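Results of the structural survey
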Amino acid sequence: MEKITVEWGGLIIMEPMAIVWNWLITIFGVVAYFKLRKNTSPPYKNWSLFFLILGISGFFGGLGHGLFYYWGLTGKILPWTTGILSVYFAERGIYAFIPAEKEVWKKRLQLFSLLKMIIMLAGMAFVSFDFSWTKNNSIIGLTLIVGLGGYLLSRKYKELVYFPIGILVLSSAAFVHGFDINIHPWFNRDDFAHLIMLAGMSFFLVALQKFDLKSSQAN
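First, a word on what this report is: a plain description of the structure on this page.

**A few points about the side chain of T82**
Inspection of the secondary structure assignment puts T82 in helix α4 (residues 77–95). At 3.3 Å, the side chain of T82 and the backbone oxygen of P79 are in polar contact. Leave out the neighbours within four places in its chain, and T82 touches I53, I56 and S57.

Right under this line is the structure:
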């Protein structure tokens, strides 16, 4: 399906709906950040940073889409790199739930995530500047670490089951792209994927709020 381009006051704007959906992600990320930042425990410090950086990534992602005519791939630098950085904090947020008796494993996993982030950023900078680095980083960090990690940790903390549920929702975006589901020129497969992204990450926020509520009631 052909990308929509509009002209506004002499300014050529490409994919206007991509701007809308990316900025909705920004709003969601900032709101989630302020909801979580009051809790200063390690899981919430990391997850609040995930949502904040996600919001920053969405803001610049919207600009990168809309002003692609002028900026080209240069406009993708900030959204793609902050996308990798945000996933790093999501991974650390999951690790922070690991019980103290498994501290050695926690430190090993933290080191793995740090090295993975460095490799992905270096690959984007020195090997090939394309979205595959951000995409593959998200597959490893969200699907394997947040999804699988959340499932394993939900055996101890049942509220964390919402993490793998969120990942299952996010995974449906691959179905939308794979079958090229374009409902309307103003709601194409990328817009659909952004909607799915918002829905999936809402489950992350639900998991954190439910865990926080249970912890406060226990105290």
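Don't stop here, the text continues.
**Section: empty space enclosed by the protein**
Using a probe with the size of a water molecule, rolled over the atoms, empty space left in the structure can be pinpointed. Going through the model one piece at a time under the given rule, you end up with one cavity of 30 Å³ or more. Lining the largest cavity are twelve residues, with E15, M17, P185, N188 and D191 sitting closest to its centre. Secondary structure elements with two or more residues in the lining of the largest cavity: α1 (16–36) and α8 (189–218). The leading source of residues in the lining of the largest cavity is α1, at three residues. Classifying every residue of the lining of the largest cavity gives six nonpolar, one polar and five charged.

**Topic: the packing of aromatic side chains**
All chains considered together, the criterion is met by 21 aromatic pairs. An angle of 80 degrees between the planes, with centres 5.8 Å apart, marks the rings of F28 and F51 as edge-to-face. With a gap of 23 residues between them, F28 in helix α1 and F51 in helix α2 (residues 42–66) connect regions that are remote in the sequence. For the pair F28 and F51, one class covers both residues: buried. Seen from their ring centres, F50 and F51 are 4.9 Å apart, and the 70 degrees between their planes marks the pair as edge-to-face. Owing to a relative accessible area of 1%, F50 belongs among the buried residues under this scheme. Since its relative accessible area comes to 0%, F51 is described here as buried.

Definitions and limits used
- Residues numbered from 1 in each chain as written.
- Predicted model: local features only at pLDDT ≥ 70, side-chain atom pairs only at ≥ 80, totals over all residues.
- Heavy atoms only, no water.
- Helix = DSSP H or I, 4+ residues; strand = E, 2+ residues; numbered from the N terminus.
- Polar contact = N/O pair within 3.5 Å; in protein donor to acceptor, adjacent residues only side chain to side chain.
- Contact = heavy atoms within 4.5 Å.
- 1 Å grid on protein atoms, 1.4 Å probe; cavity = no way out; pocket = protein on both sides within 12 Å on 5 of 7 lines; lining within 4 Å.
- Points joined across faces, edges and corners; volume = space filled by probe spheres on them.
- Nonpolar A, V, L, I, M, F, W, Y, C, P; charged D, E, K, R; others polar.
- Phe/Tyr/Trp six-rings, centres within 6.5 Å; stacked < 30°, edge-to-face > 60°.
- Buried < 20%, exposed > 50% of the residue type's maximum accessible area, 1.4 Å probe, protein only.

Bear in mind that shape data such as this cannot, by itself, settle questions of function.
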